[in-house]
Amino acid sequence: MQKISTVTGTAVPLRRSNVDTDQIIPAVFLKRVTKTGFDDALFYAWRQDPDFILNQEQYRGARILIAGPDFGTGSSREHAVWALRDYGFDVVISSRFGDIFRGNSGKQGLLAAQVAYEDVERLWEQVEAEPGIPVTVDLVERTVSVGTLTVPFDIDDYTRWRLLEGLDDIGLTLRDEESIAEFESHREAWRPKTLPIREPAESGSL
Amino acid sequence: MNAASTIPAHTDGARPRTLAEKVWDDHLVKKGEDGTPDLIYIDLHLVHEVTSPQAFDGLRLAGRPVRRPDLTIATEDHNTPTLAIDRPIADPTSRTQIETLRRNAKEFGIRLHSLGDVEQGIVHVVGPQLGLTQPGITVVCGDSHTSTHGAFGAMAFGIGTSEVEHVMATQTLPLKPFKTMAVNVEGTLRPGVTAKDIILAVIAKIGTGGGQGYVLEYRGSAIRALSMDGRMTICNMSIEAGARAGMVAPDATTYAYLKGRAHAPAGADWDDAVAYWETLATDEGAEFDAEVFIDADALEPFVTWGTNPGQGVSLSESVPDPASIDDQHERAAAERALEYMDLAPGTPLKDVHVDAVFMGSCTNSRIEDLRAFASIVKGKRKADGVRVMVVPGSARVRLEAEAEGLDKVFEEFGAEWRFAGCSMCLGMNPDQLAPGERCASTSNRNFEGRQGKGGRTHLVSPLVAAATAIRGTLSSPWDLEQEGAR
C-alpha cells in the first residue's frame, strides 16, 4: 500500500445522502476476478445522466469526493473502494460512513475523512462557488482546507498510522503468529470444523 | 436496566457483561494497546464466488496458504442461475467467476459446494443448515448479510475482500470492540405479522445509520417466541440499520434446531457445548451503550415505500409527504426516492400495483418462509400480469419443500419454482427486473437498481408477498380475510 500524508486536488460536491455501495458500483460489475479496471463502473447508473456531477467538465480529474451523510452503506463489496480509487479519488469526505466501507477504505489506501455535518455544508458551498479550487486534505494535521476555510476531520489513530506508513495488515498480524498458534492450541473440541465433511443424521429422509 | 432478565452473572464478582462482550472476550488472541485494535480469532469463514477471487490472488502473490481450511467453507450463490442448472452458465463473466472459485478451492484445499450439490445454496442458509453456525462462535464472510448467523448467539459480521484475505492467511482479524445496543421487542405478534415486520420496524425507527458501530442484541418476549428461521430473518437485516452484527442469546429453541445437524457437536461434546452456551446470555446488570424499545403488540404488516430500508411504514398507511420531513437531507432523499419509485405522496400503499413478486433471498428463503408463503397461496391463482418467482435458499431447502408438496402449491398458483441462489435479490444472474417494473420482494434491499436497472422494490414479509401476488396490489393476509368476509 502506498503511503499517504497530504492530498491536494479538485473536489466534487456530491449532495446526496445514503449513497449505498450498490450506487457506487452496481452488482453486475462484481463479476470480475481482478482488483482493477472498475473506473467506468463507478456510479454507473447515475453517470448515464449527462448532468450528473461527475460528468461536468469542471470536476474532471477530481481526487476528493465530498458526499452527504451515510456514505458507503449496504453491501460489503470492496469493489466500491476499488472503483473510487480507479476513478482517481484518494479521499472521500462525509459526516458518516458505513462501517464496512470505512474499514475497506483503510485497507486500500482510500482516505475516509469524517467531517462534521455543518462543515461538509461549508465545504460544499466553497467548492460550488468556485469549482476546481484546490482542496487540501492533510492526514498529519487531520484537516481539510479550501481557500481560507480549514475544518478538522476524524479518523481513528490506527488507520491513520497505517495510511501514513503504508503498512499491510496481514504482515502486521503475522508478527503475532505465536499468539495465534497458542490460542488455537486451546480451542475446544466441540467448536465447529468444516473438515472432515460429516453427513447429516437425517439426510435419508429428504 | 434489564430488570426483566433473570439470568445471574455467570462469574462471581466479575463485571456483568453482554452476550457480545462475552463472545468477544473468548476470542481475544491479543488485546490491543495504545490505540491498536484487538486481534480476534475467527471460528468460521464462509466464502463465495464474488468477494473471494482477489483475496486468493493476494495469497498466491505473497506465497501464503489458507491457514485453516478446516474452518473455511465455500458455496456458489450470487451468480448462479436458478434455471437449467445442469447446463453451462450462459454469461461468460459469471462462468469465469464460478470457475475461478472452483480452481481456487481446489488449489487451497477449501471445501466447496458447487451448483448441483445437495449442500449448495446461499452461504447464509448453508452454514446454519449444516450445523456449522453455533452459539458463541465468531463467523465472517465477504458479505454484509453475515449478520444472519447472529441468530444463534454467534458474533457474525460482513467483511471486505482485503479482510477475506486476512482471515484466510491468519484466521484472525484486527478489530476495535463494537458498541452494544439492546433492541427490546416485548409483546405478542398478531397473526399475519412476522419477524420481517419486526426488523423493518426497527430499521424505520433507528434509521439506516442508527446502528453504525454497534452490535444489536435482540431481546424480549417477542424474540424468544420466534423460531430460528424468524430470528435469522431479523439478524440478517441488522446491516440495513448500519449495524455490524445482530445477536440473539441462545436458548432451548437454538439447541433444538442444532441437535443432530451434520456439524453440530455430538455425544459428550454436545453436553460440553451446551454447558458453555448456557453461560453466554447477557448478565443481569450488564450495560448496553444504547437501547431501543419496540411494542410487538402494536406492529402491523410493514412495507417500504422508498429506496433505502429505513423508508418504511405500516401497510395500512399512505406514501408519506417529503414536505413533512424536518431534516433537509432526509427530505431530499425522500423526494428523490419518490421520484425513482414513481409514487405520489398521500397514495394509500394498498393501491400500489406490482408487476412482480420475489419470494427468496438470505432474508426469507428458508423452509418456514416457503411454508408461510404456501399457506396463503394454496388453492389460489396469482393475479393476472404478475410474475411470481419462488427461489429456495438452498438445494436442501428445495428438496425439503418438494417433499412437503410445496412445489405443487407454487406451480398451481402460477409461480415459477426455481433452483437455489441469491437470484433477484441483487440480480447478478439473469433474474432481474426490467426498467420501471415494480416488485414486492422478501429480500433485504430496496436500493435504486438493486433488482435490475430501473427496477422498483418494496420490501415485505413472505405473507405480504403472498397476499400481494394474489391481489396484484400491495396487500397483507388481513386484506384477504376481509375480502372473504364480504
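One structure accompanies this document, and this report is about it. The residue numbering used here restarts from 1 in each chain and proceeds along that chain's sequence as written. The lettering of chains begins at A and the numbering of ligands begins at 1, in the order of writing. It should be noted that, the model being predicted, local features are given only for residues of pLDDT at least 70 and side-chain atom pairs only at 80 or more, the latter also being counted only at that level, while totals for whole chains, interfaces and linings use all residues. Here the side-chain values reflect all heavy atoms present in the structure, with hydrogen atoms and water set aside.

1. Digging into the sheet that holds strand E10 (residues 214-219) of chain B
All names here are of chain B.
Argument step 1. Two strands pair if DSSP finds at least two bridges between them. Helical segments are the DSSP runs of H or I of at least four residues, strand segments are the runs of E of at least two, and each set is numbered from the N terminus. What the four strands build is an open sheet, ordered E11-E10-E9-E12; its pairing is parallel. The outermost strands of the open sheet, each flanked by one partner alone, are strand E11 (245-247) and strand E12 (290-295). Each neighbouring strand pair of the sheet contributes to a mean axis angle of 20°, computed without reference to strand direction.
Argument step 2. Sheet analysis places strand E9 (residues 179-186) next to E12, joined by six bridges and oriented parallel. The residue of E12 that forms the bridge with Val183 is Val292.
Argument step 3. Two residues qualify as a contact provided that any one of their heavy atoms is within 4.5 Å of a heavy atom in the partner residue. Axis definition: a line fit to C-alpha positions, over the contact stretch in the case of helices; interaxial angles, taken between N-to-C directions, run 0 to 180 degrees. Against the sheet, helix H6 (residues 195-206) engages E9, E10 and E12, with an angle of about 130° to E12.

2. As for the sheet that holds strand E1 (residues 28-30) of chain B
All names here are of chain B.
Argument step 1. As summarised here, the arrangement of the three strands in space is E1-E2-E8, forming an open sheet in which the pairing is antiparallel. Whereas interior strands pair on both sides, the edge strands pair on one side only; in this sheet they are E1 and strand E8 (172-175). Averaged over neighbouring strand pairs, the angle between their axes works out to 40° when direction is ignored.
Argument step 2. The pairing of E1 with strand E2 (residues 38-41) spans two bridges and is antiparallel. Bridge pairing in E2 places Leu28 opposite Ile40.

3. Things to note about the pairing of E2(B)
All names here are of chain B.
Argument step 1. Side-chain alternation along E2 places Asp38 and Ile40 on one buried face and Leu39 and Tyr41 on a second face that is also buried.
Argument step 2. In the sheet, E2 pairs with E8 via four bridges, with the strands oriented antiparallel. Its bridge partner being in E8, Tyr41 is matched across the sheet by Thr172. With a 1.4 Å probe rolled over the protein chains alone, any residue whose accessible area is under 20% of its type maximum counts as buried; one over 50% counts as exposed, and the rest are partly exposed.

4. Observations concerning helix H4 (residues 99-107) of chain A
Each turn of an α-helix holds 3.6 residues, which means side chains three or four residues apart point in the same direction.
All names here are of chain A.
Argument step 1. Within H4, seven of the nine residues are buried, which leaves the element mostly enclosed by the surrounding structure.
Argument step 2. Within the sequence span of H4, burial applies to Asp99, Ile100, Phe101, Asn104, Ser105, Gly106 and Lys107.
Argument step 3. Downstream of H4 by one or two residues, Gly109 has phi in the positive range, about 70°.

5. Considering the environment of His78(B)
All names here are of chain B.
Argument step 1. With respect to the element layout, His78 can be found in the loop between strand E4 (72-75) and helix H3 (92-108).
Argument step 2. Under the relative-accessibility criterion, His78 is labelled buried at 7%.
Argument step 3. Separated by 243 residues in sequence, His78 and Asp321 place their C-alpha atoms 36 Å apart.
Argument step 4. For His78, the residues in contact, after removing those within four places along its chain, are His48, Glu49, Val50, Asp143, Cys422, Leu426, Met428 and Asn429.

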